[in-house]
Amino acid sequence: MIVILIGYMASGKSTMGRILAKKLNYEFLDLDDYIEKKESSTIKDIFKLKGEIHFRKLETQYLSELLATKTNLVLSLGGGTPCYSNNMDVILKAPNAKSIYLKASIPTLIERLKNEKGKRPLIAHIETDELLAEFIGKHLFERSQFYSLANVTLATDNKTEKDIIEELVLQLF
Ligand code: S3P
C-alpha cells in the first residue's frame, strides 16, 4: 500500500508520516525532499531561480513517478501538490493507495507558520501576523475543495502524535 498524506503547510504531514512509516515498517518519503534531492536544489531556490510554475511541473512529474514505482510507502506531499494539474485525480486513482487529509484549524496553522515562514516561499514575504492570518484563511478555503476529496479526513487539533497515529492506523486497516 501507499499512504499519501496531504494537507496545508505545517499540518504535520512530514512529522506524522515519518512516525507512521516506522510503525508500519514502510519506507518514508517527503515529496519536497525527494524533489530537492533529484534536482540538487532547494525548494526555495527552485522557486527563486525557475519560478513556481516550474516547481509545480516537477511536483506532478515526481508524484507520478513515485506512485508508479513504489509500494509499502508513506508519502508526504507538499501543501499545494493536490491542488495543481490533475494531481488529486492521479492520487485518487493510484492503485493500492490511500489518501489522508491531515486537517488542522486556521488558528493552529497561523500559530505554527508564524515562526516557520522563512523556508516557505509562498508566505516568506508576508510581513505582519494579520496579513499572514488573512492569507492562510483565503488560501485554505481555496485548497479545501481538493484536500477534502481525500479518502480519509483526520482532524488533528488538540490531539497528541500518539492519538493521531492510532487513528491513522485504524483508518488504514
Ligand atoms: C507549498 C508547500 C511546501 C512546498 C512549497 C509549496 C504549497 O510544502 O511544497 O513551498 O504550495 O503549499 P509543505 O506543505 O511541506 O510546507
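Now for a description of the structure that goes with this document. Since this is a predicted model, take the numbers as computed values, not measurements.

What counts as what
- Residues numbered from 1 in each chain as written.
- Predicted model: local features only at pLDDT ≥ 70, side-chain atom pairs only at ≥ 80, totals over all residues.
- Heavy atoms only, no water.
- Near = heavy atom within 4 Å.
- Polar contact = N/O pair within 3.5 Å; in protein donor to acceptor, adjacent residues only side chain to side chain.
- Nonpolar A, V, L, I, M, F, W, Y, C, P; charged D, E, K, R; others polar.
- Axes fitted to C-alpha atoms, helices over the stretch in contact; angles between N-to-C directions.
- Helix = DSSP H or I, 4+ residues; strand = E, 2+ residues; numbered from the N terminus.
- Parallel < 35°, antiparallel > 145°, perpendicular 65-115°, else oblique.
- Left-handed = near helix turned anticlockwise from the far one by under 90°.
- Contact = heavy atoms within 4.5 Å.
- 1 Å grid on protein atoms, 1.4 Å probe; cavity = no way out; pocket = protein on both sides within 12 Å on 5 of 7 lines; lining within 4 Å.
- Points joined across faces, edges and corners; volume = space filled by probe spheres on them.

Topic: the site of the ligand
Link 1 in the chain: Taken together, 13 residues lie around the ligand, and Lys13, Asp32, Arg56, Arg120 and Arg143 are the ones closest in.
Link 2 in the chain: Backbone polar atom of Gly79 to an oxygen atom of the ligand: 2.8 Å apart, as the coordinates give it.
Link 3 in the chain: Within the backbone of Gly80, one N or O atom sits 3.3 Å away from an oxygen atom of the ligand.
Link 4 in the chain: Across the shell around the ligand, the residue classes break down as 5 nonpolar, 3 polar and 5 charged.

Digging into the packing of helix α6 (residues 106-114) against helix α7 (residues 129-147)
When two helices pack together, you describe them by how their axes are tilted relative to each other and by the distance separating the axes.
Link 1 in the chain: Interaxial distance between α6 and α7 falls to 10 Å at its minimum, and their mutual angle equals 130°. Taken together, the axis directions place α6 and α7 in an arrangement best described as oblique. Along this stretch, α6 crosses α7, giving a crossing that reads as right-handed. In this structure, α6 contributes Ile106, Leu109, Ile110, Leu113 and Lys114 to the contact, and α7 contributes Asp129, Leu132, Ala133, Ile136, Gly137 and Leu140.
Link 2 in the chain: Partitioning the contact of α6 with α7 into residue classes produces 8 nonpolar, 1 polar and 2 charged.

Concerning the layout of surface pockets
Link 1 in the chain: Taken as a whole, the largest pocket spans an internal volume of roughly 690 Å³.
Link 2 in the chain: Per-element tally for the lining of the largest pocket: the top contributor is helix α1 (residues 13-24), with 4 residues.
Link 3 in the chain: When the residues that make up the lining of the largest pocket are grouped by side-chain class, the tally is 9 nonpolar, 8 polar and 14 charged.
Link 4 in the chain: Taken as a whole, the second largest pocket holds about 150 Å³ of empty space.
Link 5 in the chain: In terms of lining residues, the second largest pocket is bounded by 13 residues, among which Ser11, Met16, Arg112, Lys159 and Ile164 are the most central.
Link 6 in the chain: Going through the elements one at a time, α1, α6 and α8 (161-172) are the ones with two or more residues in the lining of the second largest pocket.
Link 7 in the chain: Taken together, the residues of the lining of the second largest pocket break down into 3 nonpolar, 6 polar and 4 charged.

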